Structures are given as C-alpha cells and as structure tokens.
Amino acid sequence: MPDKKFFLGIVLLAVVVGSMTVIAVLRYNTIYPVIELDGVEIREYEGQDLSSVNDFRENSIKGPQYVDSETYRLAITGLVDNELEYTYDDVISNNQHFKEVVTLHCVEGWRVTILWEGFLVEDIIEEAGVNPAATTMIFYAYDGYSTSVPLDYIIDNNILIAYKMNNATLPPERGFPFQLVAESKFGYKWIKWITEIELSDNEDYRGYWESRGYSNDADLP
Ligand SMILES: Nc1nc2c(c(=O)[nH]1)N[C@H]1C(S)=C(S)[C@@H](COP(=O)(O)O)O[C@H]1N2
Ligand SMILES: [Mo]
C-alpha cells in the first residue's frame, strides 16, 4: 500500500522537522537570551547612539540574581552615626533622580554606552551621617560579590547608583534593583544587585576581582 507508506513518511518528516525547530529555538535562546524589559528601551539620547541592554556579556560570578523588590533592603553600615536600612521604594521615592550617558568597559575588551538613571550615592548615605574617619566605601551584593572605591571618588565625580538603563527598569540580568555607575573605572567596579554600602577606613580592602589580581583603583587607561 504505497499510500500508507507515503502518509507515514510525511508524519515522520513532520516529527523530525518539528523537533529540529524546537531544538534550534531552545539553543538560540540559551546562547542569546532576550532580556524582558518594562517598556521599549531607547537607543539614542540627545543625539548620542546607545548600546542595548542585550549588548552586555553576562559573566557574573554566579549568573543572574533574582531579587524580590518587596523583601529587598539596602543597608548603610560601618563608620556612620546611625546604621540604616532602606526598602526599594524608600530609595526610589526619597532621592532626587539624575540621568547620564556613561560607557562601561569590561577588562575582557567589550564596552557598552548606556543612558543610566539613578541617585547620587552621596544622597543615599547622607541620612546615616558619615563619620569623618571614613575614607572608603565597600559595596556588597546579593551574589556575594564585593568591591570598594575611595569616598572622595564618589563625592568628587557625583557617582550614581542606577535603577534604570535606557529608560527601562534594570532587569535581573543587569543588576536589579541597583548597579553602581562607576564612571571612568573598569566594569568590575560596577557592582550589580547592591545590598549594602559600608563606610570604612580600610583603604586596603580588596573586593572579589581585586583580591584575584585586578588593580584596586581600576582606572581606565
Ligand atoms: N554583583 C556582581 N556585580 C558585578 C559582577 C558580578 O559578578 N557580580 N561583575 C562585574 C563585571 S566584571 C562587569 S564587566 C559588570 C558588567 O557585567 P555584566 O555584563 O555581567 O552585566 O558587572 C560587574 N558587577
Ligand atoms: Mo567585567
């Protein structure tokens, strides 16, 4: 019966083509996962071309972290008059917002130019009352990562903590809720998923990559 063989052949072909398509789509999404945003990201700002949220290479020490904005707390600790804890909404509603286009350069050789929106680190720590002995800010993150920068660097350069990039809320992959915009420093100072800011007098503190051989000042050449 040639009809039956023909029919079986068609079914077999459909199954093979179908499963190959499914495998291809799954593979593509694993290699190039498309990040979901709360809106359409802008790709140009005041005449300047911007990179995309998808142009970063994901190489975080433990992969993307999924932080719950309801239970999230940002702690201000160390050499301060009062240690404080803020919720996500506290940070968003109690500080003046700023926008700035800044390029992140990773030591691996790639870079991305992004419109960042956030708050001055200086404003966020102000209420805690910084002790004059503090010289260093140590940042800790949800994935166990840490890094540090001089307090003067933060103040003199109006360094921001971002909660939006290219007009969209930071997605989990890019550091939700907050990433440090460590302008003029290599990417490993741009800590994502920030949970704590410690004021310290320990200028020799070494963060995750710094303690593995990367320079502690991380200044771009
Ligand atoms: N919490 C945390 N922040 C981090 C990292 C990390 O592994 N964990 N990686 C750093 C590095 S090396 C770079 S280049 C930037 C951008 O990394 P991304 O492309 O993985 O977002 O995030 C920085 N912030
Ligand atoms: Mo990096």
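Residues numbered from 1 in each chain as written. Chains lettered and ligands numbered in written order. Predicted model: local features only at pLDDT ≥ 70, side-chain atom pairs only at ≥ 80, totals over all residues. Heavy atoms only, no water.

Draft legend 1. Fine view of a nonpolar patch on the surface. A cluster of nonpolar residues, Phe 7, Val 11 and Val 15, forms a patch on the protein surface that exposes about 290 Å² of accessible area. Positionally, Val 15 belongs in helix H1 (residues 2-31). (Patch = residues over 30% accessible without salt bridge, like charges linked within 9 Å, V, L, I, M, F, W, Y side chains within 5 Å. Areas by Shrake-Rupley, 256 points an atom, 1.4 Å probe, with all protein chains shown as cover. Salt bridge = Lys/Arg side-chain N within 4 Å of Asp/Glu carboxyl O. Helix = DSSP H or I, 4+ residues; strand = E, 2+ residues; numbered from the N terminus.)

Draft legend 2. Examining the packing of aromatic side chains more closely. In this structure the tally under the stated criterion is 12 aromatic pairs. Taken together, a centroid distance of 6.2 Å and an interplanar angle of 70 degrees make the contact between Phe 56 and Trp 110 edge-to-face. Of this pair, Phe 56 sits in the loop between strand S2 (48-49) and strand S3 (74-78) while Trp 110 sits in the loop between strand S5 (98-105) and strand S6 (111-120), and the two are 54 residues apart along the sequence. Look at Trp 116 and Trp 190: their rings are 5.4 Å apart centre to centre, the planes differ by 55 degrees, and that puts the pair in the tilted class. Of this pair, Trp 116 sits in strand S6 while Trp 190 sits in the loop between strand S11 (179-181) and strand S12 (194-200), and the two are 74 residues apart along the sequence. (Phe/Tyr/Trp six-rings, centres within 6.5 Å; stacked < 30°, edge-to-face > 60°.)

Draft legend 3. Structural view of the domain arrangement of the protein chain. The domain architecture assigned to the protein chain consists of domain 1 (1-31) and domain 2 (44-212). Placing a centre on the C-alpha atoms of domain 1 and another on those of domain 2 gives a separation of 48 Å. (Domains from an automatic or database assignment.)

Draft legend 4. Broad picture of the site of ligand 1. Residues in contact with ligand 1 amount to 18 residues; listed here are only the nearest, Arg 57, Ile 61, Asp 143, Trp 190 and Lys 192. One of the backbone N or O atoms of Ile 61 is found 2.8 Å from an oxygen atom in ligand 1. A distance of 2.8 Å separates a nitrogen atom of ligand 1 from a polar atom in the side chain of Asp 143. Isolated, ligand 1 exposes 530 Å² of accessible area, and the fraction of that covered by the protein chains is 98%. Spatially, ligand 1 is embedded in the largest pocket. Residues belonging to the shell around ligand 1 are distributed by class as follows: 10 nonpolar, 3 polar and 5 charged. (Near = heavy atom within 4 Å. Polar contact = N/O pair within 3.5 Å; in protein donor to acceptor, adjacent residues only side chain to side chain. 1 Å grid on protein atoms, 1.4 Å probe; cavity = no way out; pocket = protein on both sides within 12 Å on 5 of 7 lines; lining within 4 Å. Sits in = over half its atoms within 2 Å of the grid points. Nonpolar A, V, L, I, M, F, W, Y, C, P; charged D, E, K, R; others polar.)

Draft legend 5. Broad picture of the pattern of salt bridges. Using the criterion set out here, one finds 4 salt bridges in the structure. Linking Arg 174 and Glu 58 is a salt bridge whose minimum nitrogen-to-oxygen distance equals 3.3 Å. On the criterion of sequence distance, the pair formed by Arg 174 in the loop between strand S10 (168-169) and S11 and Glu 58 in the loop between S2 and S3 is long-range, its members being 116 residues apart. Given a relative accessible area of 3%, Arg 174 falls into the buried group. Put simply, Glu 58, Arg 174 and Lys 192 are held in one network by salt bridges that share partners. (Buried < 20%, exposed > 50% of the residue type's maximum accessible area, 1.4 Å probe, protein only.)

Draft legend 6. Up close: the side chain of Gln 65. Structurally, Gln 65 is set in the loop between S2 and S3. Looking at Gln 65, the relative accessible area reads 12%, which means it is buried.

Draft legend 7. Highlighting the layout of surface pockets. Approximately 460 Å³ is the volume found for the largest pocket. Within the lining of the largest pocket, the residues separate by chemical class into 13 nonpolar, 4 polar and 5 charged. (Points joined across faces, edges and corners; volume = space filled by probe spheres on them.)

Draft legend 8. Representation of the sheet that holds strand S7 (residues 136-141) within the structure. Spatially, 5 strands are ordered S4-S3-S12-S7-S8 in an open sheet, and the strand pairing comes out mixed. The open sheet has two edge strands, strand S4 (84-86) and strand S8 (146-150), and neither has a second partner. The mean inter-strand angle of the sheet, taken between neighbouring strand axes irrespective of direction, is 20 degrees. Direction of pairing for S3 relative to S12: parallel, over a ladder of 4 bridges. (Pairing = 2+ DSSP bridges. Axes fitted to C-alpha atoms, helices over the stretch in contact; angles between N-to-C directions.)

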